[in-house]
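# Notes for the structure review
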Amino acid sequence: MRRVVPILVLALFLVALVVAVLPVPRVWEEDSTIETKLGLDLIGGLRGEYQVVATDEQAVTPEILEQTRTIIENRVNFTGVAEPIVVTQGEDRISVELPGVDDEGEIRSLIGTTGVLEFTPVPPGCIGEVIQDGPAPECLVESEPLFNGTEIAAARIGQDPTTGEVVVNLELKETGARLFDEHADENFGEFFAIVLDGIVESAPSINARRFGGQAQISGNFTIEEANNLVTVLRFGSLPLEIREVGFSSISATLGLDFLNQTILAGIIGIALVFAFMLLYYRVPGIVACVALIAYGVFAWAIFQIVPVTLTLAGIAAFILSVGMAVDANILIFERTKEELRSGKNLSASVEAGFNRAWTSIFDANVSTLITALILYYFGTSIVKGFALVLGIGVLLSMFTAIVLSRMMLRWIVQQRWARQAHLFGIDDSEMSVDARANREAAA
């Protein structure tokens, strides 16, 4: 087993190094590569906060708040914004962060409108231009809508009893049902389009002359596609009006300055840590530095695969987790030195050092993980980013300290040149008589 673990760790490190350094394609996403996104505070962009306004008839419920968030997120995603962050805050607020965006007027108009959902007949000869999930062509824009989203009574996912495929069941109100039946009777076999804010969400064909207010939309949907269509049908128009509370623009230049300063501070801090470990712990310090470098490679690879959107808070969490990784090594090395002073040989001291330090390392890291989980669950977007990076860092620090450092030290203590106490930061004056006798016997 001890021979298998180093091979697995080395293989993991090589894979992580490739992911961290090279533009590796995401095999699960077409035309996409693994890369870490930078957050709003690093590359600039727009940040807005909105309040969902209750009416006399309808309060702002958690369901309505989440529905509103989903609709806003879908609208923003369609613009092609990279990694938008749309989250709910409190009982009636929604925060929107758009990294790398500078067209403030267009975004404010896109988010702030309540939205128009329309059921529009597709004119003869126009179906070739109507493509799902795309802007409505001119031939469709000129067509008069049959009715709008206010005529939808219910929409839900279902299953066709004959084919077993996923479908969307649609229930219309009285006026919508009457208009649709009249249109279906005259246009059997033709198509109609479901259009939200000028975007074609679906374009099914009419396969019956009367529906009686109960229609079924099919199209080889996946569960996710059917869910998206149900969201459009039920909530294409915002359920309640939203009011802009605040809107701000962050300069990309300012974000770049923050990034450069943070990277510089991180390099200085990590360099000082390396210097301390090498001077004070000597050979174990070299092991700690190698483990920290591996920790950085593993962390960067995971940040790209997850993927993590790095913000200043996230970088701070990463540097904090580096300190925690060093702390774990210090606990182990100090325990090892205690065992050496007591007279144990080098190999036994290393094993005892890891075993005795494990409880303290485990308790400290589990406490930090619990804190990170609480921050992630209850925090805002920036706090969530901090918590996610911190959690990943804590788990990796335990791996590098307990597995990687131990593996390297086990190899080192087998080498004859390493069987000298001063290489582990211990002078002869610190060692007991038994310890000196054991060392002389080993030599």
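The notes below deal with the structure included here.

Conventions used here
- Residues numbered from 1 in each chain as written.
- Predicted model: local features only at pLDDT ≥ 70, side-chain atom pairs only at ≥ 80, totals over all residues.
- Heavy atoms only, no water.
- Helix = DSSP H or I, 4+ residues; strand = E, 2+ residues; numbered from the N terminus.
- Buried < 20%, exposed > 50% of the residue type's maximum accessible area, 1.4 Å probe, protein only.
- Contact = heavy atoms within 4.5 Å.
- Areas by Shrake-Rupley, 256 points an atom, 1.4 Å probe, with all protein chains shown as cover.
- Pairing = 2+ DSSP bridges.
- Core = buried A, V, L, I, M, F, W, Y, C linked by side-chain atoms within 4.5 Å.
- Disulfide = S-S within 2.5 Å.
- Phe/Tyr/Trp six-rings, centres within 6.5 Å; stacked < 30°, edge-to-face > 60°.
- Lys NZ or Arg CZ within 6 Å of the ring centre and 35° of its normal.

## Topic: the overall build of the protein
- What the protein contains, in helices and strands, is 13 helices and 14 strands.
- Every one of the 443 residues in the protein was classed for burial, and the buried ones make up 43%.
- Long-range pairs, those at least 24 residues apart, make up 72% of the contacts in the protein with a sequence separation of at least 6.
- When the accessible surface of the protein is summed, it comes to about 23,000 Å², and 58% of that surface belongs to carbon and sulfur atoms.

## Focus on the side chain of Ser321
- Topologically, Ser321 is positioned in helix H10 (residues 312-342).
- What makes Ser321 buried here is its relative accessible area of 0%.
- Those residues within four positions of Ser321 in sequence are excluded, and the remaining contacts are Tyr295, Gly393, Val394 and Ser397.

## A few points about the side chain of Lys337
- Along the chain, the position of Lys337 falls in helix H10.
- Residue classification places Lys337 among the buried residues on the basis of a relative accessible area of 4%.
- Once residues lying within four places of it in the same chain are set aside, the contact partners of Lys337 are Tyr280, Tyr281, Phe424, Gly425 and Ile426.

## Remarks on the sheet that holds strand E7 (residues 147-148)
- Pairing is antiparallel in the open sheet, where five strands are placed in the order E6-E11-E10-E5-E7. Of all strands in the sheet, those bounded by a partner on one side alone are strand E6 (134-135) and E7.
- Bridge count between strand E10 (residues 192-196) and strand E11 (residues 199-202): three bridges; the pairing is antiparallel. Along E11, the bridge assignment pairs Leu196 with Ile199.

## Side note on the nonpolar core
- If you look at the biggest cluster of nonpolar residues, it comprises 54 residues, and the most contacted ones within it are Met277, Phe303, Ile332, Phe333, Leu409 and Phe424.
- Listed by contribution, the elements that provide at least two residues to this core are helix H1 (4-21), helix H8 (252-281), helix H9 (283-305), H10, helix H11 (346-378) and helix H12 (381-412).
- Among the elements that take part in this core, H9 stands out by supplying 13 residues, more than any other.
- In this structure Met277 touches Arg282, Gly285, Ala288, Cys289, Val326, Asn329, Ile330 and Phe333, once residues within four positions along its chain are discounted.
- Leu170, Ala184, Ala215 and Val232 belong to the second-largest nonpolar core, a separate cluster that totals 25 residues.

## Observations regarding the pairing of E10
- Burial of E10 is extensive: five of the five residues sit out of reach of the surface.
- Residues Phe192, Ile194 and Leu196 of E10 are buried on one face, and the alternating residues Ala193 and Val195, pointing to the opposite face, are buried as well.
- Pairing between strand E5 (residues 117-121) and E10: five bridges, direction antiparallel. Residue Glu118 lies in a different strand from E10, and its bridge partner there is Val195.
- Between E10 and E11, which pair antiparallel and follow one another directly, the connecting turn spans two residues, one of which, Asp197, has a positive phi of 50°.

## Things to note about the state of the cysteines
- What the rule picks out here adds up to one disulfide.
- Two residues, Cys126 and Cys139, share a disulfide whose sulfurs are 1.9 Å apart. Negative torsions about the S-S bond denote left-handed disulfides, and the value of about 65° found for Cys126 with Cys139 makes this one right-handed. Pair noted here: Cys126 is in the loop between E5 and E6 and Cys139 is in helix H5 (residues 138-141), with a separation of 13 residues, a long-range link.

## As for the packing of aromatic side chains
- Under the counting rule described, the total for this entry stands at 16 aromatic pairs.
- Look at Trp300 and Phe303: their rings are 6.4 Å apart centre to centre, the planes differ by 70°, and that puts the pair in the edge-to-face class. With a gap of three residues between them, Trp300 and Phe303 both fall in helix H9, about one helical turn apart.
- The exposure class of Trp300 is partly exposed, given its relative accessible area of 36%.
- You can call Phe303 buried: its relative accessible area is 2%.
- Ring geometry for Phe303 and Phe318: centres 5.9 Å apart, planes at 75°, overall edge-to-face. In this pair, Phe303 is assigned in helix H9 and Phe318 in helix H10, connecting sequence segments 15 residues apart.
- Grouping aromatic residues by their ring pairs yields a cluster made of Phe119, Phe147, Phe180, Phe192 and Phe211.
- Its guanidinium or amino end placed over the ring of Tyr376, Lys384 lies 4.9 Å from that ring's centre, counting from NZ or CZ.

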